[in-house]
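Observations on the model geometry
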Amino acid sequence: MANSPQARKRARQAQSHRTRNVSHRSKVRTYIKKVVTAVESGDREAANAALVEAIPVIDKMAGKGIMHRNKAARHKSRLTARVNSLAT
């Protein structure tokens with residue numbers, strides 16, 4: 001357990017940051033899942049709309065440091081490829 005006042009404060013901050021990060025991570029996963037579900041159902045318009053909603057959320061989480069920028073780019077690339085595969 002943290003003994004110094006500064007260590008206690010950092011432990012409190014870490015807990016609140018962890019809670020917030022879990023919430024943000026869950027939000028990103030939900031948006032990604034919406035795109036995947038729309039692609040699997042074969043609805044191109046819904047998949048494209050879900051992708052347009054998901055990309056800014058993914059970018060924002062990468063900017064906040066919740067997700068690494070390369071991981072964000074990988075998600076965006078793969079989701080875009082899946083949506084574009086519906087056109088063929």
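Below is a short write-up of the structure. The model shown is predicted, which means the values in this text are computed figures rather than measured ones.

Each value, and the rule that gives it
- Residues numbered from 1 in each chain as written.
- Predicted model: local features only at pLDDT ≥ 70, side-chain atom pairs only at ≥ 80, totals over all residues.
- Heavy atoms only, no water.
- Helix = DSSP H or I, 4+ residues; strand = E, 2+ residues; numbered from the N terminus.
- Buried < 20%, exposed > 50% of the residue type's maximum accessible area, 1.4 Å probe, protein only.
- Salt bridge = Lys/Arg side-chain N within 4 Å of Asp/Glu carboxyl O.
- Expected span 1.5 Å × (residues − 1).
- Contact = heavy atoms within 4.5 Å.
- Core = buried A, V, L, I, M, F, W, Y, C linked by side-chain atoms within 4.5 Å.

Quick look at the environment of Glu45 now. Tracing the sequence through the fold places Glu45 in helix α2 (residues 44-64). Classification of Glu45 by relative accessible area gives exposed; the value is 62%. As a C-alpha pair, Glu45 and Pro56 span 11 residues in sequence and 18 Å in three-dimensional space.

This part is about the pattern of salt bridges. Enumeration according to the criterion identifies two salt bridges in this entry. A salt bridge links Arg82 to Glu40; its shortest N-O distance comes to 3.8 Å. Taken together, the residues span a long stretch of sequence, with Arg82 in helix α3 (residues 69-85) and Glu40 in helix α1 (residues 5-41) at a distance of 42 residues. For Glu40, a relative accessible area of 60% corresponds to the exposed category.

A separate point is α2. Between the first and last C-alpha of α2 there are 30 Å, a value that for 21 residues agrees with the 30 Å anticipated at 1.5 Å per step. For α2, the set of buried residues is Ala47, Ala50, Leu51, Ala54, Val57, Ile58 and Met61. Where α2 is buried, its residues meet α1 and α3. Just beyond α2, the residue with positive phi is Gly65, at close to 90°.

Now for the environment of Pro5. Mapped onto the elements of the fold, Pro5 is located in helix α1. In the structure, Pro5 is positioned 24 residues away from Arg29 in sequence and 36 Å away in space, judged by C-alpha atoms.

In this section: the nonpolar core. With 18 residues, the main nonpolar core has Val28, Ile32, Val35, Ile58, Leu79 and Val83 as its most contacted residues. Breaking this core down by element, the ones donating at least two residues are α1, α2 and α3. Leaving out residues up to four positions away in the same chain, Val83 has contacts with Val35, Val39, Arg44, Ala47, Asn48 and Leu51.

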